[in-house]
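Each chain, written out:
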Amino acid sequence: MSTADAGLNPLPYADGDFYAFEQLLTGKEQDRLAEVRDFLAREVKPIATDCWNRGEFPMDLIPKLADIDLVSPVRRQGHSNLFAGLLHAEVTRADASISTFMGVHDGLFTGSIEALASEEQKEAWLPDIYAMKKIGAFGLTEPLGGSDVAGGTRTTARREGDTWILNGEKRWIGNATFSDWVVIYARDVDDNQVKGFLVDTALDGFSAVKIENKTALRTVQNADITLRNMAVPDFQKLAHANSFRDVNKVLKVTRLGVAWQAVGQQLAAFDVARRYAVERHQFGRPLASFQLVQNQLVQILGNAVSSMGMMVRLSQLEDAGQAKDEQSALAKAFTTTRMRESVALGRNILGGNGIVTDFGMAKIFADAEAIYSYEGTHEINTLVTGRAVTGISAIV
């Protein structure tokens with residue numbers, strides 16, 4: 001750390017929490033967040049860029065993540081949704097790929113079990129999921145179905161006695177190359193409704209092939225999944241996953257998580273850009289001494305703080321049981337748009353060094369594109385919000 005940056009660290013706003021939102025947490029939650037920050041600084045940040053460059057997931061990190069116990073902070077550990085959101089932002093701030101891994105295992109996969117499984121199923125599955133002895137994935141998106149998957153799911157499920165036979169393909173399934181289980185959503189050929197199934201990836205009929213040549217979230221092991229006459233016992237059909245409306249119960253909450261990722265990614269951009277502006281000298285002066293550079297830094301900060309303010313309120317509504325789908329949709333659309341601008345400004349401050357992963361910003365810039373796209377595109381989330389404020393659907 002340079003002398004210049006060391007001189008800035010005591011400033012109350014150096015961490016980007018310009019309006020002290022973290023003070024809304026309980027003392028216990030603030031201590032827990034500090035504990036996780038220390039873990040991320042020690043175990044995640046030092047390896048993040050190398051893993052990203054190689055496109056490999058650090059499997060030896062999983063037992064450490066299990067030890068720090070991040071899974072299901074709200075339902076299982078009793079924390080607030082605000083704490084869970086700030087926690088997810090903080091993991092993203094350290095590395096968007098690891099936060100996406102956790103978002104898949106914890107938010108999408110574990111969230112599906114918590115929301116849609118029977119009590120008997122939860123008792124059978126959740127202990128190993130919480131302990132990360134079983135790693136999960138979430139299979140919804142398909143090669144020919146993204147935004148329209150609600151009414152266009154092509155993967156099928158056919159009931160044969162006490163067994164379901166699954167056939168079809170899924171795409172962009174994070175963790176699927178090494179997960180033990182994956183929740184697959186498939187259309188029941190009998191009633192045409194989308195239903196959920198816990199699939200053991202070791203069984204015959206399941207295959208997962210890593211998607212290569214990504215320019216974002218390279219550490220995340222996204223896969224193309226193929227299901228060929230895969231037999232799934234009836235017990236592993238999620239008891240309360242009987243329509244796409246049920247799937248939306250999971251997606252409403254995980255969409256909040258992605259919006260919090262957008263906050264974390266902006267804070268990461270602020271961290272890197274601020275330090276670079278202080279340490280880098282041009283024309284015999286720190287970059288931070290130039291008005292245009294300060295303007296860009298403040299714009300990043302303003303974007304991050306406005307996004308955080310929206311998410312704090314939405315998390316409070318979620319804690320009160322009052323959050324609505326359209327509010328999550330607006331949050332995802334707004335925060336990811338601000339994120340796109342913020343990471344571009346950060347890349348600009350670093351100049352040529354902004355396209356080299358050694359300096360941190362290139363990875364932040366690239367990863368933002370994936371966050372912008374998943375959990376509902378900007379366009380779809382905008383139209384969901386537009387429908388709520390006009391009463392008229394513009395979605396075909």
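Counting restarts for each chain, with residues numbered from 1 along the sequence as it is written. Local features in a predicted model are, by the rule used here, given only for residues with pLDDT of at least 70; side-chain atom pairs are given and counted only at 80 or more, and totals for whole chains, interfaces and linings are based on all residues. Remark: hydrogens and water are excluded; side-chain values derive from all non-hydrogen atoms of the structure.

> Sorry, what's going on with the overall build of the protein chain here?
Counting from the N terminus, the helices are DSSP H or I runs at least four residues long and the strands are E runs at least two residues long. Scanning the protein chain for helices and strands turns up twelve helices and nine strands. Relative to a compact globule of 396 residues, whose C-alpha radius of gyration would be 21 Å, the protein chain shows 21 Å and is just as compact. With respect to the principal axes defined by its C-alpha atoms, the protein chain has extents near 75 × 50 × 40 Å. Only protein chains enter the accessibility calculation, which uses a 1.4 Å probe. A residue is then buried if its area is under 20% of the maximum for its type, exposed if over 50%, and partly exposed in between. The proportion of buried residues among the 396 residues of the protein chain is 53%. Residues count as neighbours in contact if any of their non-hydrogen atoms are within 4.5 Å of one another. The contacts of the protein chain with a sequence gap of at least 6 include a subset with a gap of at least 24, amounting to 76%. With residues, only the protein chains shown are counted as cover, and all accessible areas are computed by Shrake-Rupley using a 1.4 Å probe. Surface exposure of the protein chain reaches about 17300 Å², of which carbon and sulfur atoms provide 52%. Lys and Arg are tallied as positive, Asp and Glu as negative. Neither His nor the chain termini are counted. Lys charges are placed at NZ, Arg charges at CZ, Asp charges at CG and Glu charges at CD. Averaged over its 41 positive side-chain charges, the protein chain has a centre that lies 4 Å from the centre of its 49 negative ones. Between the two quantities, the radius of gyration covers C-alpha atoms and the globule rule is 2.2 Å times the number of residues to the power 0.38.

> Just to check I follow, could you spell out the pairing of strand S5 (residues 194–200) for this structure?
Within S5, six of the seven residues are buried, which leaves the element mostly enclosed by the surrounding structure. As paired strands, strand S4 (residues 181–188) and S5 are joined by seven bridges and run antiparallel to one another. Within S5, the position partnered with valine 182 by the bridge is valine 199. Hairpin connection from S4 to S5: five residues lie between these consecutive antiparallel strands, with asparagine 192 at a positive phi of about 65 degrees. Should DSSP find at least two bridges between two strands, the strands are taken to pair.

> What exactly am I supposed to notice about the environment of leucine 267 here?
Looking at the element boundaries, leucine 267 is found in helix H8 (residues 244–279). C-alpha of leucine 267 to C-alpha of glycine 16: the two residues are 251 residues apart in sequence and 6.4 Å apart in space. When neighbours within four sequence positions are excluded, leucine 267 is seen to be in contact with Asp15, Gly16, Arg93, Ala304 and Met308.

> Sorry, what's going on with a nonpolar patch on the surface here?
Patch building starts from residues that exceed 30% relative accessible area and form no salt bridge, then joins like charges within 9 Å and nonpolar side chains (Val, Leu, Ile, Met, Phe, Trp, Tyr) within 5 Å. By salt bridge we mean one thing: a side-chain nitrogen of Lys or Arg within 4 Å of a carboxyl oxygen of Asp or Glu. A cluster of nonpolar side chains, namely Tyr13, Phe18 and Tyr19, defines an oily patch on the protein surface of about 340 Å² accessible area. The topology assignment puts tyrosine 19 in the loop between helix H1 (3–8) and helix H2 (27–54).

> How do you make sense of the nonpolar core when you look at a structure like this?
One broad trend across soluble globular proteins is that nonpolar side chains are buried collectively. Within the largest apolar cluster, 95 residues are counted, with the highest numbers of intra-cluster contacts made by Leu65, Phe101, Ile113, Tyr185, Trp260 and Ile349. Element by element, the count of residues in this core is highest for H8, at 18 residues. Residues enter a nonpolar core if they are buried and are Ala, Val, Leu, Ile, Met, Phe, Trp, Tyr or Cys, with the set joined through side-chain atoms within 4.5 Å. Counting 17 residues, the second-largest nonpolar core is a separate cluster that includes Leu166, Ala176, Val182 and Phe197.

> In this structure, what is going on with helix H6 (residues 119–130)? I would like to understand it.
Since the α-helix packs 3.6 residues into each turn, any two residues three or four apart lie on the same face. The span one expects for a helix is its residue count, reduced by one, times 1.5 Å. For H6, with twelve residues, the first-to-last C-alpha span of 15 Å sits near the 16 Å given by 1.5 Å per residue. Among all positions in H6, only Gln121, Lys122, Trp125, Leu126, Ile129 and Tyr130 are buried. Angularly, the buried residues of H6 cover 125 degrees about the axis, an arc narrow enough to put them on a single face. Opposite the buried face of H6, at more than 90 degrees from it, the exposed residues are Glu120 and Glu123. The directions considered for the arc are those from the helix axis to the C-beta atoms.

> Looking at this model, I keep getting lost on the pattern of salt bridges. Mind explaining?
A side chain of one charge can pair with a side chain of the opposite charge if their charged atoms are brought near each other. In total, this model carries 25 salt bridges according to the counting rule given. Notably, a salt bridge pairs aspartate 95 with lysine 363, separated by 2.7 Å at the nearest N-O pair. Linking aspartate 95 in the loop between helix H4 (81–94) and helix H5 (96–116) with lysine 363 in helix H11 (residues 361–373), this pair joins segments that are 268 residues apart in sequence. Its relative accessible area of 2% is what places aspartate 95 among the buried residues. The buried category is assigned to lysine 363, whose relative accessible area is 8%. Glutamate 160 is paired through a salt bridge with arginine 158; the nearest N and O atoms lie 2.5 Å apart.

> What's the story with the packing of H4 against helix H9 (residues 291–319) in this structure? I'm lost.
Between two packed helices, both the angle of their axes relative to each other and the distance between the axes serve to describe the pair. To obtain each axis, a line is fitted to C-alpha atoms, and for helices this fit is confined to the stretch in contact; angles are then taken between N-to-C directions over 0 to 180 degrees. Close contact between H4 and H9 brings their axes to 8 Å; oriented N to C, the two are set at 140 degrees. Classified by the interaxial angle, the pair formed by H4 and H9 is oblique. Side by side, H4 and H9 meet where Asn81, Leu82 and Leu86 of the first sit next to Met308, Val312, Ser315, Glu318 and Asp319 of the second. Under the scheme applied here, ten amino acids are nonpolar (Ala, Val, Leu, Ile, Met, Phe, Trp, Tyr, Cys and Pro), four are charged (Asp, Glu, Lys and Arg), and all others, including Gly, are polar. Residue classes in the contact of H4 with H9 are distributed as four nonpolar, two polar and two charged. Working rule for angles: under 35 degrees goes down as roughly parallel, over 145 as roughly antiparallel, 65 to 115 as roughly perpendicular, anything else as oblique.

> Please explain the packing of aromatic side chains as it appears in this structure.
Aromatic ring pairs: the centre-centre distance and the angle between the two ring planes describe each pair. Pairing of aromatic side chains requires ring centres within 6.5 Å, counting the rings of Phe and Tyr and the six-membered ring of Trp. Pairs whose planes differ by under 30 degrees are stacked, by over 60 edge-to-face, and all others tilted. Throughout the structure, instances matching the rule amount to ten aromatic pairs. A ring pair is formed by tryptophan 125 and phenylalanine 235, whose centres lie 5.6 Å apart and whose planes are at 65 degrees; its orientation type is edge-to-face. Taken together, the residues span a long stretch of sequence, with tryptophan 125 in helix H6 and phenylalanine 235 in the loop between strand S7 (222–233) and H8 at a distance of 110 residues. The class for phenylalanine 235 is partly exposed, based on a relative accessible area of 36%. Ring pairs connect the aromatic residues Phe18, Tyr19 and Phe21, which therefore count as one cluster. Charge over a ring is defined by NZ of Lys or CZ of Arg lying within 6 Å of the ring centre and within 35 degrees of the ring normal. The ring centre of tryptophan 52 lies 5.6 Å from the NZ or CZ of arginine 218, which sits over that ring.

> What's the story with the packing of H4 against H8 in this structure? I'm lost.
The N-to-C vectors of H4 and H8 enclose an angle of 45 degrees; their axes lie 7 Å apart at closest approach. It follows from the interaxial angle that H4 and H8 lie oblique. Here H4 and H8 pass one another in a crossing that is right-handed. Residues Leu82, Gly85, Leu86, His88, Ala89, Thr92 and Arg93 of H4 lie in contact with H8, whose contacting residues are Gly257, Trp260, Gln261, Val263, Gly264, Gln265, Leu267, Ala268 and Asp271. Handedness of a helix crossing follows the sense of rotation of the near helix relative to the far helix, less than a right angle counterclockwise being left-handed and clockwise being right-handed.

> Any chance you could explain the pairing of strand S1 (residues 136–139) here in plain terms?
If a strand is regular, its side chains alternate between the two faces of the sheet. In S1, alternate side chains face the same way, and those of Gly136 and Phe138 on one face and Ala137 and Gly139 on the other are all buried. Where S1 and S4 come together, four bridges link them in parallel fashion. Along S4, the bridge assignment pairs glycine 136 with tryptophan 181.

> Sorry, what's going on with H2 here?
Compared with an ideal rise of 1.5 Å per residue, which puts 28 residues at 40 Å, H2 spans 39 Å between its outermost C-alpha atoms and is within 8% of the ideal. The quantity called bend is, for any residue, the angle between two axes fitted respectively to the seven residues ending at it and the seven beginning at it. Of all the bends in H2, the greatest measures close to 45 degrees and is centred on alanine 48. Buried residues in H2 make contact with helix H3 (62–68), H4, H5 and H11. Immediately beyond the C-terminal end of H2, within one or two residues, lies glycine 55, with a positive phi of roughly 65 degrees.

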